[in-house]
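Descriptive structure summary
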Amino acid sequence: MRLRIDLAYDGGDFHGWAAQPGLRTVQGELEAALATVLRLSSVEPVETRGPLTVCAGRTDTGVHARGQVAHLDVDEDAVRAAAGRYDGDPVAVIGRRLNGVLPTDLRVRRVAAAPPGFDARFSPVWRRYAYRVCDEVPDPLTRGHVLAWPRALDDTAMDRASAGLVGLRDFAAFCKQREGATTVRTLLELGWVRDGGLITGTVRADAFCHHMVRSLVGALLAVGEGRRAASWPAEVLGAGIRDGAVTVVPPHGLTLEEVGYPDDADLAARADQARAKRVVT
């Protein structure tokens, strides 16, 4: 059976999502806990067996998540054995038992039997991130997930500049290229809201390429402090090549907030669509 796992984590002490030998990662901690709870004693090290879990978005070192989603394929007998004498749904108890062995900076919010066709990586129709910046005296209690900015920012100008980036575009100018991977994405939403000294950027797209959100934010911060015109980010996007003037902002201001999936009947079709290479027409 396939399990859907919803989880949240403080990325400050993790070397990103993906398991890496000798490094503390979200996937590494989660899979170690799964092996304990589901009594998968014969599981080999990740270097030789490959990953057990697949996630919706492979967050980088220092990036946080409130709404990460992963899936795991496991024998039903292992789930029933892990639940023990629990009288209800044996899947429901797995999350509580995982939280009993996981570190406190990684929490499982829910475990459920995934519907047919569900794929944590390929089934989403969108992922939503938030990037938080403070341009006043920062609250020391939020320093781990809010970027302290030393100069005043014009969030209205940032919002105006963001509008020119929304839509189906080739984001090569804002992505770290990976061989054979497309940089075409549909940016569904990009905007900024101020609450006192805290400015929150919401970025929602069907998918993201490497460093895309942090590069977009870097360009928009240049607009916000008046170093660039509001038209500049769209001009960089149109050029189609990496621009050395675009700063990749620090990871700790970024949080994966939510992943959106279609109705159960459309999960498999969406996964097939997502696997197809996208182009700008």
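A brief report on the enclosed structure follows. (Residues numbered from 1 in each chain as written. Predicted model: local features only at pLDDT ≥ 70, side-chain atom pairs only at ≥ 80, totals over all residues. Heavy atoms only, no water.)

1. Points about the overall build of the protein chain
If you tally the helices and strands in the protein chain, you get eight helices and ten strands. Counting only C-alpha atoms, the protein chain reaches 65 × 45 × 35 Å along its principal axes. Long-range contacts, defined as pairs at least 24 residues apart, comprise 71% of the intrachain contacts of the protein chain with a sequence gap of at least 6. Split by element, the accessible area of the protein chain, about 13,400 Å² in all, is 50% carbon and sulfur. Side chains of the protein chain carry 35 positive and 36 negative charges; the gap between the two charge centres is 2 Å. (Helix = DSSP H or I, 4+ residues; strand = E, 2+ residues; numbered from the N terminus. Contact = heavy atoms within 4.5 Å. Areas by Shrake-Rupley, 256 points an atom, 1.4 Å probe, with all protein chains shown as cover. Lys, Arg positive; Asp, Glu negative; His and termini not counted. Charge placed at Lys NZ, Arg CZ, Asp CG, Glu CD.)

2. Examining the packing of helix 1 (residues 26-37) against helix 4 (residues 92-101)
For the pair helix 1 and helix 4, interaxial distance at closest approach is 9 Å and the crossing angle is 115°. Pair helix 1 / helix 4 crosses with right-handed handedness. Of the residues in helix 4, those touching helix 1 at Ala33, Leu34, Thr36 and Val37 are Ile94, Arg97, Leu98 and Val101. Among the residues making up the contact of helix 1 with helix 4, the classes are represented as six nonpolar, one polar and one charged. (Axes fitted to C-alpha atoms, helices over the stretch in contact; angles between N-to-C directions. Left-handed = near helix turned anticlockwise from the far one by under 90°. Nonpolar A, V, L, I, M, F, W, Y, C, P; charged D, E, K, R; others polar.)

3. Here's the deal with the environment of His211
By secondary structure assignment, the location of His211 is in the loop between strand 9 (198-205) and helix 6 (212-224). Along the chain, His211 and Pro250 lie 39 residues apart, while their C-alpha atoms are 10 Å from each other. Ignoring sequence-local partners within four residues, the contact set of His211 consists of Asp60, Phe174, Lys176 and Val248.

4. A look at the nonpolar core
Counting 77 residues, the largest nonpolar core has Leu7, Trp17, Ile94, Leu98, Phe174 and Leu221 as its most contacted members. No other element matches helix 6, which puts nine residues into this core. Discounting residues that sit within four places of it in the chain, Ile94 has contacts with Val37, Leu38, Val79, Ala82 and Val111. (Core = buried A, V, L, I, M, F, W, Y, C linked by side-chain atoms within 4.5 Å. Buried < 20%, exposed > 50% of the residue type's maximum accessible area, 1.4 Å probe, protein only.)

5. Remarks on the side chain of Asp119
When you line up the elements, Asp119 lands in the loop between strand 4 (106-113) and strand 5 (126-134). Classification of Asp119 as buried rests on a relative accessible area of 10%. Side-chain polar atoms of Asp119 contact the side chain of Arg275, separated by 3.4 Å. For Asp119, the contacting residues outside a window of four places in its chain are Arg2, Val54, His71, Pro124, Tyr261 and Arg275. (Polar contact = N/O pair within 3.5 Å; in protein donor to acceptor, adjacent residues only side chain to side chain.)

6. Looking at the state of the cysteines
Chemically, a disulfide is nothing more than a covalent bond linking the sulfur atoms of two cysteines. This model, assessed by the stated rule, comprises one disulfide. Through a disulfide, Cys175 is tied to Cys209; the S-S separation comes to 1.8 Å. Of this pair, Cys175 sits in the loop between strand 7 (167-170) and strand 8 (184-195) while Cys209 is found in the loop between strand 9 and helix 6, placing the two residues 34 residues apart along the sequence. Sulfur of Cys55: no disulfide; nearest cysteine sulfur belongs to Cys209 and is 16 Å away. Given a relative accessible area of 5%, Cys55 falls into the buried group. (Disulfide = S-S within 2.5 Å.)

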